[in-house]
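In case you want the letters, here they are:
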Amino acid sequence: MCTSISSVQQDPLISYSKTLHDYTLELWTESRRVAEEKARRKLARTEEEARKQPRNSPTTQRPYGP
């Protein structure tokens, strides 16, 4: 059985599958972008808080001794 390219492109199941794949890929890509941006903001906030904390405060000093 020979299948031409035009009949494959017109097959509703193939068209639906491709559309669903493209849509899912778009959702996944956007989700990754949002997650990475959230991680960058969290890291920046943590670094900013560490920068603001005084170096000799009691919460940052480690006890000396055994």
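As the structure is a prediction and not an experimental result, all values here were calculated from the model.

1. Describing the overall build of the chain
Here is step 1 of the chain: Looking only at helices and strands, the chain has two helices and zero strands in total.
Here is step 2 of the chain: Looking at the chain as a whole, 2% of its 66 residues are labelled buried.

2. So, a nonpolar patch on the surface
Here is step 1 of the chain: Together, Leu 13, Tyr 16, Leu 20, Tyr 23 and Leu 27 make up a nonpolar patch on the protein surface, roughly 550 Å² of accessible area in all.
Here is step 2 of the chain: Considering the arrangement of structural elements, one finds Leu 13 in helix α2 (residues 12-52).

3. Here we look at the pattern of salt bridges
Here is step 1 of the chain: What the rule picks out here adds up to six salt bridges.
Here is step 2 of the chain: Linking Glu 48 and Arg 51 is a salt bridge whose minimum nitrogen-to-oxygen distance equals 3.2 Å. Placement of both Glu 48 and Arg 51 in helix α2 is noted, with a separation of three residues, approximately one turn of the helix.
Here is step 3 of the chain: Since its relative accessible area comes to 33%, Glu 48 is described here as partly exposed.
Here is step 4 of the chain: Its relative accessible area of 61% is what places Arg 51 among the exposed residues.
Here is step 5 of the chain: A single network of salt bridges, built from pairs that share partners, joins Glu 37, Arg 40 and Arg 41.

Each value, and the rule that gives it
Residues numbered from 1 in each chain as written. Predicted model: local features only at pLDDT ≥ 70, side-chain atom pairs only at ≥ 80, totals over all residues. Heavy atoms only, no water. Helix = DSSP H or I, 4+ residues; strand = E, 2+ residues; numbered from the N terminus. Buried < 20%, exposed > 50% of the residue type's maximum accessible area, 1.4 Å probe, protein only. Patch = residues over 30% accessible without salt bridge, like charges linked within 9 Å, V, L, I, M, F, W, Y side chains within 5 Å. Areas by Shrake-Rupley, 256 points an atom, 1.4 Å probe, with all protein chains shown as cover. Salt bridge = Lys/Arg side-chain N within 4 Å of Asp/Glu carboxyl O.

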